[in-house]
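Below are the chains, spelled out letter by letter.
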Amino acid sequence: MIGSTAIVGGVAFGAWQISKPYDNPLKDHLAPGDAALTPYVLVNADGVTVIVPRAEMGQGVVTTLAALVAEELDVALDDITVKHGPAGKAYYNSVILEEAAHVPSTDHSAGGARKRALTHIPAKLMGMQVTGGSTSTPDAYDRMRKAGAAARLVFIKAAAKELGIKERDLTTDNGAVIGPDGARLAYTDLAEAARQIKPPTNPPLKPRADWTLLGRSQPRLDMVGKCTGTAEFSIDVRLPGMVYAAVRMNPHREAPLKSFDADPALAINGVKKVMALDNGIAVFASNSWAAFEGAKAVPLDWEMAPYAQDSAAHLAALRATIANDEPDSQMRDDGKTMRVLKTAKDNDTPIISGTYEVPYLAHATMEPMNAVAYRHDDTLEIWAGNQAPTQARKDAAAISGLSEDKILIHTTLMGGGFGRRAEMDFIKQAVKLAVAEPGTPIKLTWTREEDITQDYYRPAAIAAFEATVADGKPNAISLSLAASSVADSQFGRLGISLPGPDPTIAQNAWDQPYAVPNYLVTGYKAPMALPVSSWRSVGASQNGFFHECMMDEIAAAAERDAIAMRLDLMDHAPSAAVLKTVRDMAGWDRGKGTSANTAQGAAFFLSFGVPTAQIVEIEETGSGIALKKIWAAVDVGLALDPANVKAQVQSAIIYGLSAAMGGEITLRNGMVEQSNFHDYDALRLYQCPEIDVAILENLEEITGIGEPGLPPVAPALANAIFALTGERIRKLPLASAVQFV
């Protein structure tokens, strides 16, 4: 079905809610006589196959999206096959650009809905099949349920014709149409007749009360393969006659290569060839290890990159960006903030102020970047874990000179994505190598060192704030944020220029549900330095730290309980509910811990539409600080799979803790200093505390959950350290100031 395999005697179903749908991506992968009505459901003699057009990178999207179809189709999850769809504009992500609408996620007015809907137009025109931004579930919720419902109605219609009875006399159950006498007609037996029937475009959906799969925890469909080692990641792909390759690129990012000497590499057993790239070299060999060793052996002469050569200079540039006071955005400007602050200064009223900073961060996926490319006949096939297959196909066409319909993208499972596999650099390299060696499959694998030093990083960022307090809560807040532009950097590599301010610099710092009368949030776009990209929760990852440490400072200055003050300010009931829930879960008592030598820190952050509150408890052990327990509460509107929601919150917390405690990319002499997990560490199993997650469903709309669990954990931990030690840490990683055990 996917690639060159045809489905014989099959039928494909799906449903659309757009006026002019793209061509069905499946139609070119079916044998003559097969029918592909729409893109999401295929039925043939072997059973039911659900096409999931979003990439599985550990977040459970395969299971949740398949359940959307299976619920409406009346098929058991155990009885379906799930495959990632081919690259196709029909699978475009309709909600991926909603952040650019600059509408608070708490705004459910008709005007707010219209603004969000307007972003669906360029999303459709771009036709980008992309996984990211915690958008997979909101994008698929209606589309994929309607695909299953439409297919079910087609089978009922086909059965009615075959039996000569009315459709209303038929029901469905577990992959079959049931006659009034109890006779079962399997969907597989009805596929031929169903091919001739046009599916409805707006079928009715099951009421929630009738759900049997959705709203319940399901076994992960990818679990058995991953536990038994039979699941295929792109790093597992093996093809006959394959040649292995490795690259070594200029550590001065995006600067060119001057010259190299291939002879030392060619002297290594197994090395076949050394090829120049724009900013480095590729080594072809009979196995990956020989390719790695060959790449290390090549003497190289690099050009220097034009950006500042050390980390201190990068931070100085961020401070200068704020000092120059040329805003990129002011998404929140309530009241007369600057006038109130000036009056307070003139009257010697205390001003609470501080400056926070965070470093560059690498994605550090467990599976390093890799791809297989095979140029044969008039076709180019690519196997790669990726978050944007239509972009991979477009870039491959530009490099190979082939038309897009001659390029087959096989999207495999991924050993982590976090935004990194939305970048196309490693795939484009594999394509260049395959074009240079037509007729030979090329497997490109990056070393861990290349993966760390050639990343597209989470940007370094700073925040400066000033605030005044009246009647026990903030009366005025000015929060200034500076970072280089993820939007300019990432979309620029795609040849796309987004109008308006960068939504990632002040992301979610401006729309927190706090009713402060004078509230100004200003974003400043710093000059581009290291190439940056989306990192799990993007701008919210640093802005959660900035905003919620600031709120803790304000509460301390006002001599208020940190949670009670936040609740006094909140004007959004679902947000208040998650904060109250986590307060009660942890037995919160003004930051006191549950035992001697312990303390708690709290944070709340609303990101990607999900109100999230967390409390972290820590202990002073005498040898350093230990994490004891974390409580979290989230509101996702509708939890389609509660176990998966909890797993994603826990995953985001652990990823966020790794960054908060020790994650840091630094520069010296224009090069990234870190190279592997010995100096870019992750949270260890013995350090990880129990994480208790509560799920609420008070929101008006369904949301995604891959990212919202991350932003609150760094400030909650930093606030706990303040409660325990009295030390206010305004810089990440926290290990630069305290010892963790």
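Computed from a predicted model, the values in this text were never measured in an experiment. (Residues numbered from 1 in each chain as written. Predicted model: local features only at pLDDT ≥ 70, side-chain atom pairs only at ≥ 80, totals over all residues. Heavy atoms only, no water.)

Trainee: In this structure, what is going on with the pairing of strand β21 (residues 473-484)? I would like to understand it.
Mentor: Side-chain direction in a regular strand flips from residue to residue, so the side chains alternate between the two faces of the sheet. The element β21 is extensively covered by neighbouring structure, given that 10 of its 12 residues are classed as buried. Relative to β21, strand β20 (residues 461-470) is paired through 10 bridges, and the arrangement is antiparallel. Counted as the bridge partner of F465 is L479 from β21. Connecting β20 to the next strand, β21, in antiparallel fashion are two residues, including D471 with a positive phi near 55°. Pairing of β21 with strand β22 (residues 518-526) involves nine bridges; the strand directions are parallel. Within the sheet, the bridge partner assigned to S478 lies in β22 and is L520. (Buried < 20%, exposed > 50% of the residue type's maximum accessible area, 1.4 Å probe, protein only. Helix = DSSP H or I, 4+ residues; strand = E, 2+ residues; numbered from the N terminus. Pairing = 2+ DSSP bridges.)

Trainee: Can you walk me through the packing of aromatic side chains in this structure?
Mentor: Between two aromatic rings, the relevant description is the distance of the centres plus the angle of the planes. In total, this model carries 10 aromatic pairs according to the counting rule given. On the numbers, 6.2 Å between centres and 70° between planes, the contact of Y22 with Y92 is edge-to-face. Of this pair, Y22 sits in the loop between β1 (11-13) and β2 (35-36) while Y92 sits in the loop between β5 (80-84) and α2 (110-126); the two residues are 70 residues apart in sequence, bridging distant segments of the chain. In textbook terms, an aromatic cluster arises when at least three aromatic residues are bridged by ring pairs, as seen for Y356, F465, F545 and F546. Directly above the aromatic system of Y92 lies the positively charged group of R143, at a separation of 4.8 Å from the ring centroid. (Phe/Tyr/Trp six-rings, centres within 6.5 Å; stacked < 30°, edge-to-face > 60°. Lys NZ or Arg CZ within 6 Å of the ring centre and 35° of its normal.)

Trainee: Looking at this model, I keep getting lost on empty space enclosed by the protein. Mind explaining?
Mentor: Over the atoms rolls a probe the size of a water molecule, and its path tells where empty space is left. In this structure the tally under the stated criterion is four cavities of 30 Å³ or more. What the largest cavity holds in volume is close to 110 Å³. If you go around the largest cavity, you meet 15 residues; those closest to its centre are R458, S541, A659, A714 and L732. It is helix α17 (residues 642-662) that contributes the most residues to the lining of the largest cavity, three residues altogether. (1 Å grid on protein atoms, 1.4 Å probe; cavity = no way out; pocket = protein on both sides within 12 Å on 5 of 7 lines; lining within 4 Å. Points joined across faces, edges and corners; volume = space filled by probe spheres on them.)

Trainee: Which parts of the structure should I look at to understand the pattern of salt bridges?
Mentor: For side chains of opposite charge, pairing can occur when their charged atoms come near one another. Enumeration over the complete set of coordinates arrives at 40 salt bridges. For D74, the salt bridge identified is with R152, shortest N-O distance 3.7 Å. Residue D74 is found in the loop between α1 (61-73) and β5, and its partner R152 is found in helix α3 (residues 136-163); the two are separated by 78 residues along the sequence. Owing to a relative accessible area of 16%, D74 belongs among the buried residues under this scheme. In this structure R152 comes out as partly exposed when scored by relative accessible area, which is 23%. (Salt bridge = Lys/Arg side-chain N within 4 Å of Asp/Glu carboxyl O.)

Trainee: Before we go on, may I ask you to explain the nonpolar core in this structure?
Mentor: When a protein is soluble and globular, its nonpolar side chains tend to lie buried together. In this structure, F545, L657, L717 and I721 are the most contacted members of the largest nonpolar core, which totals 80 residues. Setting aside chain neighbours within four positions, we find L717 in contact with V616, I618, L627, L657, M661, L734 and F740. With 45 residues, the next largest nonpolar core counts M144, L170, A194 and L214 among its residues. (Core = buried A, V, L, I, M, F, W, Y, C linked by side-chain atoms within 4.5 Å. Contact = heavy atoms within 4.5 Å.)

Trainee: In this structure, what is going on with the environment of Y456? I would like to understand it.
Mentor: Position of Y456 among the secondary structure elements: in the loop between α12 (448-453) and β20. Here Y456 falls in the buried class, since its relative accessible area comes to 8%. Spatially, the C-alpha atom of Y456 lies 37 Å from that of L569, the residues being 113 residues apart in sequence. In this structure, Y456 is in contact with R253, E254, H363, R420, E423, D425, R493, P531, V532 and S533, ignoring residues within four places of it in sequence.

Trainee: In this structure, what is going on with the sheet that holds strand β8 (residues 184-186)? I would like to understand it.
Mentor: Strand pairing in a sheet takes place through backbone hydrogen bonds and is either antiparallel or parallel in direction. The three strands lie next to each other as β6-β7-β8, forming an open sheet whose pairing is antiparallel. Only two strands of the sheet have a single partner each, and these edge strands are β6 (171-172) and β8. In this structure, β6 lies alongside strand β7 (residues 176-178), joined through two bridges in antiparallel fashion. Bridge pairing in β7 links T172 to V177.

Trainee: Is there a simple way to explain the environment of C549 in this structure?
Mentor: Tracing the sequence through the fold places C549 in helix α14 (residues 539-557). On a C-alpha basis, the gap between C549 and G354 in space is 10.0 Å, while along the polypeptide they are 195 residues apart. Here C549 is in contact with Y356, G544, P715, A718, N719 and R728, once residues within four sequence places are set aside.

These results come straight from atomic positions and should not be treated as a statement about function.
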